[in-house]
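This is what each chain is made of:
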Amino acid sequence: MPSNSRSKGMNITNQQVTEYLNGFYRCLDEDLEILRETGERDNVPIILRETEAVLSLLLSLKRPKRILEIGTAIGYSAVYFAKKCPEAVIYTIDKDETAVRSAKHNIDQAGLSDRIHILLGDGQEQEEKLSDNRIGDFDFVFIDGAKSHYRRFLDSALPLCRKGALIVSDNILMRAATVSEEYDTGRKHKTNRKKMREYVEYICSSRELETSLMSVGDGLAVSIYRGENEERRF
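First, a word on scope: everything that follows refers to the structure included in this document. (Residues numbered from 1 in each chain as written. Predicted model: local features only at pLDDT ≥ 70, side-chain atom pairs only at ≥ 80, totals over all residues. Heavy atoms only, no water.)

We now examine the sheet that holds strand 1 (residues 66-70). What the 7 strands build is an open sheet, ordered 3-2-1-4-5-7-6; its pairing is mixed. Among the strands making up the open sheet, the edge pair consists of strand 3 (116-120) and strand 6 (209-214). Geometrically, the sheet is characterised by an average inter-axis angle of 15° between neighbouring strands, direction not taken into account. Pairing of strand 1 with strand 2 (residues 89-94), which is carried by 5 bridges, proceeds in the parallel orientation. The partner of leucine 68 across the bridge, within strand 2, is tyrosine 91. (Pairing = 2+ DSSP bridges. Helix = DSSP H or I, 4+ residues; strand = E, 2+ residues; numbered from the N terminus. Axes fitted to C-alpha atoms, helices over the stretch in contact; angles between N-to-C directions.)

One pass over the full model with this rule turns up 12 salt bridges. Where aspartate 137 meets arginine 162, a salt bridge forms, and the shortest distance between an N and an O atom there is 3.9 Å. Here the residue aspartate 137 occupies a position in the loop between helix 7 (123-132) and strand 4 (138-143), and arginine 162 occupies one in strand 5 (residues 161-170), the gap between them amounting to 25 residues. Given the relative accessible area of 17%, aspartate 137 is considered buried. For arginine 162, a relative accessible area of 41% translates into the label partly exposed. Among the ionic pairs, aspartate 155 bridges to arginine 151, the shortest N-O distance being 2.9 Å. On the criterion of helical spacing, the pair formed by aspartate 155 and arginine 151 is a turn pair, its members being 4 residues apart in helix 8 (residues 150-157). Beyond isolated ion pairs, a larger network of salt bridges with shared partners links Arg36, Glu40, Arg49 and Glu52. (Salt bridge = Lys/Arg side-chain N within 4 Å of Asp/Glu carboxyl O. Buried < 20%, exposed > 50% of the residue type's maximum accessible area, 1.4 Å probe, protein only.)

Among all positions in helix 7, only Gly123, Gln126, Glu127, Leu130 and Ser131 are buried. Here the buried residues of helix 7 occupy an arc of 150° about the axis, which is enough to place them on one side. For helix 7, the secondary structure elements touched by its buried residues are strand 1, strand 2, strand 3, strand 4 and helix 8. Remark: arginine 134 follows helix 7 within two positions and exhibits a positive phi of approximately 55°. (Arc of directions from axis to C-beta. Contact = heavy atoms within 4.5 Å.)

Here the focus is the side chain of glutamate 50. Position of glutamate 50 among the secondary structure elements: in helix 4 (residues 49-62). A distance of 3.2 Å separates the side chain of glutamate 50 from the side chain of asparagine 22, its partner in a polar contact. Look past the residues within four positions of glutamate 50 in its chain and what remains in contact with it is Thr18, Asn22, Val216 and Gly217. (Polar contact = N/O pair within 3.5 Å; in protein donor to acceptor, adjacent residues only side chain to side chain.)

Below is the structure:
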């Protein structure tokens, strides 16, 4: 084996490969394309194109009826979920008032305010309010909020889920900082890095979850909630 064969094999997700794969990306419709262009131009943390491609496949296979999202941003992913799953109801949570205002505008513009419910506040607190109001039976959860809080977002989401629900956690690699501190320039994200490592270890070892890790985009964890009870309380 040539001396550089191993390093070439390990470098499968370099920028050139990503650009090649993204060359096959096609936005779902013109409205989403405009919203994506706005998000990318303004450096808003919307889902990456390669991440969207995986979500598209998961949603087509799962066909969820009730979707919970933690991390709304400008509403791109919530609008995408609603368009991709025309029979689904979406609850999306964000604690940033400016982001929520922007998301509400974009959701109203898309004519989807009847199916997308925006909740302003902390992810865990809003999930607990959903439980108090007996809103649940979610069969798809997308976690894309504050990286150091993924564990508590997940813990509060599971009681709201149906058995067999898909839990998708985005950005688990944090631009490789999760893997090694050498990728954390200036060591600015020590807490986030530590918490994300703990989160990944937790979802991979939990008996309630069956998890696969993917190096797609900025890293995806796709988990199936095994659940202990067939019947939910909602």
